[in-house]
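For reference, the chains in residue letters:
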Amino acid sequence: MAYFDGPDDGGGEFGGAGVPGGESVLRLVRVLREAGWDPAAGRVSAVAVDPEDAAHVLVGAGNGGVWGSWDRGESWRACTGSASALAVGALAFDPGRPGTVYCGTGEGDCWFFLGAGVLASADGGATWSVRCSDPFVGQGFYQLLVDPRDSGRLLAATTGGMYTSDDSGSTWVRRRSECTWSMALGREEILAASSDGVWQSDYAAGTFRRIRLQGAPSRFTRLAVATAPSDPAIAYAWGTGEPFDTDGNPTAYLWRRARNAWSAQQLPPGVRTAQSWYDWFLAVAPDNANQIYAGAINVHRGDRRGSGWTWMEIGAEPEGGPVDQHAIAFEPGAPGIVYIGCDGGLFRSSDRGRSWSRRGMGISAPTSC
């Protein structure tokens, strides 16, 4: 049984002298594999669920292309075997145009330099074409968003900054030049989590202003932001940065916005931040503004009651759940069903993370879509 395909040591399409930095990449991959860690095989970097068909799930492998399932992850097909790039950093369905999907190539967490632009599909991810190359060649994606009010409007968070498009991804304008890991769309705002903090703009993505966060470092190692789908006035920021402990691990931070004011919140007990540059996410439950999922090496679910939090560690692979977190998605219409993409592949929970089933780890003879 094979994991999601990743690069091999033989050069191939994404290694060797034909790709800038390819020789160094292959040497790095060999060293990592000898140490027992593979940066591509089995690792899911992006997850998206079809808003029109909850059984239809797409995942992006770190350097293994896009895979599609039409039975909630029981079986899979390889969808981008002939694409110009197989390093996937982000996937997004267009909620206003059923069947339209976008893929950001170049994975921000590792394979950013293999970025070749944005791919688009009009048939739910079965076939793909290049929507644009510039300005994303050599950049890695962390997130893509499609504006639910305007299908032509896309937002991208990348290693090269935050971008917007008003023509379905054909052309882009850079709005922030700092590395941007995460974005959130509110009713009349855009929030961007960048290396220099959380920034807010009006809906038109005009001038961004920095949000003042209590006790925040001047620079972040990693930062994510999310608004509550059930109440966009509620937002959260989850990050790491200075000071570093004696082992070089950054400090974790969590803030919550309510009544237009941001305040520091209780952290998940025992959260591990050593790999926050690599594995990190944040999401708010679709039906509960007081329930969040904070991804790090493990997943921590927080439930706010009054002014305090109850935390549950829900992701630890030895106990049957995901580890080294990269992406999260919810099944439309079923907020208790959660998908998480991690170093171990794809996991699905039907009870808000209390128990998990592994999905997609049986890909041994991929077929084209």
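Up top is the structure.
First things first, this report covers the structure right here in the doc.

Parameters at a glance
Residues numbered from 1 in each chain as written. Predicted model: local features only at pLDDT ≥ 70, side-chain atom pairs only at ≥ 80, totals over all residues. Heavy atoms only, no water. Helix = DSSP H or I, 4+ residues; strand = E, 2+ residues; numbered from the N terminus. Buried < 20%, exposed > 50% of the residue type's maximum accessible area, 1.4 Å probe, protein only. Contact = heavy atoms within 4.5 Å. Areas by Shrake-Rupley, 256 points an atom, 1.4 Å probe, with all protein chains shown as cover. Phe/Tyr/Trp six-rings, centres within 6.5 Å; stacked < 30°, edge-to-face > 60°. Polar contact = N/O pair within 3.5 Å; in protein donor to acceptor, adjacent residues only side chain to side chain. Core = buried A, V, L, I, M, F, W, Y, C linked by side-chain atoms within 4.5 Å. Pairing = 2+ DSSP bridges. Axes fitted to C-alpha atoms, helices over the stretch in contact; angles between N-to-C directions. Salt bridge = Lys/Arg side-chain N within 4 Å of Asp/Glu carboxyl O.

**Focus on the overall build of the protein chain**
Helices and strands together make up the secondary structure of the protein chain, namely one helix and 28 strands. Residues counted as buried form 60% of the 369 residues belonging to the protein chain. The contacts in the protein chain between residues at least 6 apart in sequence include a share of 48% that link residues at least 24 apart. On the protein chain, roughly 14,400 Å² of surface is accessible, and the fraction owed to carbon and sulfur atoms is 48%.

**Examining the packing of aromatic side chains**
On inspection of all chains with the given rule, the structure shows 13 aromatic pairs. With centroids separated by 4.9 Å and ring planes inclined at 70°, the aromatic side chains of F136 and Y163 adopt a geometry described as edge-to-face. Of this pair, F136 sits in the loop between β8 (129-132) and β9 (141-146) while Y163 sits in strand β11 (residues 161-165), and the two are 27 residues apart along the sequence. With respect to class, F136 is no different from Y163; both count as buried. Summarising the aromatic geometry, the rings of Y293 and F330 are spaced 5.5 Å apart at their centres and angled 65° between planes, so their arrangement reads as edge-to-face. Of the two residues, Y293 is situated in strand β22 (residues 291-295) and F330 in strand β25 (residues 325-331); the sequence distance between them amounts to 37 residues. Exposure class is identical for Y293 and F330. Each is buried. Taken together, the ring pairs connect F136, F141, Y163 and W172 into an aromatic cluster.

**Thoughts on the side chain of Q325**
Residue position: Q325 is located in strand β25. Of the residues examined, Q325 reaches a relative accessible area of 0% and is grouped as buried. A polar atom in the side chain of Q325 sits 3.0 Å from the backbone oxygen of I297. Setting aside chain neighbours within four positions, we find Q325 in contact with D279, W280, F281, G295, A296, I297, N298, V299, I340, G341 and C342.

**Some remarks on the nonpolar core**
If you look at the biggest cluster of nonpolar residues, it comprises 26 residues, and the most contacted ones within it are M162, L191, V198, L223, W255 and W262. Every element with two or more residues in this core is listed here: β9, β10 (154-158), β13 (180-185), β14 (189-194), β15 (197-202), β17 (220-228), β18 (231-244) and β19 (250-258). Looking at which element gives the most residues to this core, the answer is β14, with four residues. Sequence-distant contacts of L191, defined by excluding residues within four places in its chain, comprise S182, M183, A184, V198, W199, Q200, V225, T227, A235, R257 and W262.

**Describing the sheet that holds β10**
Reading across the sheet, the four strands line up as β9-β10-β11-β12 and stay open at both edges, with antiparallel pairing between neighbours. Single-partner strands in this sheet number two, and they are β9 and β12 (173-176). With direction set aside, neighbouring strand axes in the sheet form an average angle of 25°. Summarising the sheet, β10 and β11 pair through five bridges and their orientation is antiparallel. Residue T158 lies in a different strand from β11, and its bridge partner there is G161.

**Topic: the environment of Y253**
Relative to the helices and strands, Y253 is located in strand β19. Residues Y253 and A264, eleven residues apart in the sequence, show an inter-C-alpha distance of 7.5 Å. Beyond its immediate stretch of four places on either side in the chain, Y253 contacts G215, P217, A237, W238, G239, T240, G241, E242, P243 and L267. Side-chain polar atoms of Y253 contact the backbone oxygen of E242, separated by 2.4 Å.

**Considerations on the side chain of R257**
For R257, the position within the fold is in strand β19. Residue R257 is classed as buried on the basis of its relative accessible area, which comes to 6%. Within the structure, R257 has its side chain in polar contact with the backbone oxygen of A233 (distance 3.1 Å). Among all residues touching R257, those that are not within four sequence positions of it are E189, L191, Q200, T227, P232, A233, I234, A235 and W262.

**Some remarks on the sheet that holds strand β6 (residues 101-105)**
Across the sheet, which stays open at both edges, the four strands sit in the order β5-β6-β7-β8 with antiparallel pairing between neighbours. Looking along the sheet, the strands with just one partner apiece sit at the ends: β5 (88-93) and β8. Here the strands of the sheet are splayed against their neighbours by 30° on average, with no regard to which way each runs.

**Overview of the pattern of salt bridges**
Taken as a whole, this structure holds 14 salt bridges when the rule is applied. The salt bridge involving R359 is made with E74; its shortest N-O contact spans 3.4 Å. Taken together, the residues span a long stretch of sequence, with R359 in strand β28 (residues 357-359) and E74 in the loop between β3 (65-69) and β4 (77-78) at a distance of 285 residues. Given a relative accessible area of 12%, R359 falls into the buried group. The residue R348 makes a salt bridge to E331 at a minimum N-O spacing of 3.5 Å. Of this pair, R348 sits in strand β27 (residues 345-349) while E331 sits in strand β25, and the two are 17 residues apart along the sequence. Summarising the burial analysis for this pair, R348 and E331 share the class buried. What emerges from the salt-bridge pattern is a single network uniting D147, R149, R153 and D166.

No statement about biological role is implied by the geometric values presented.
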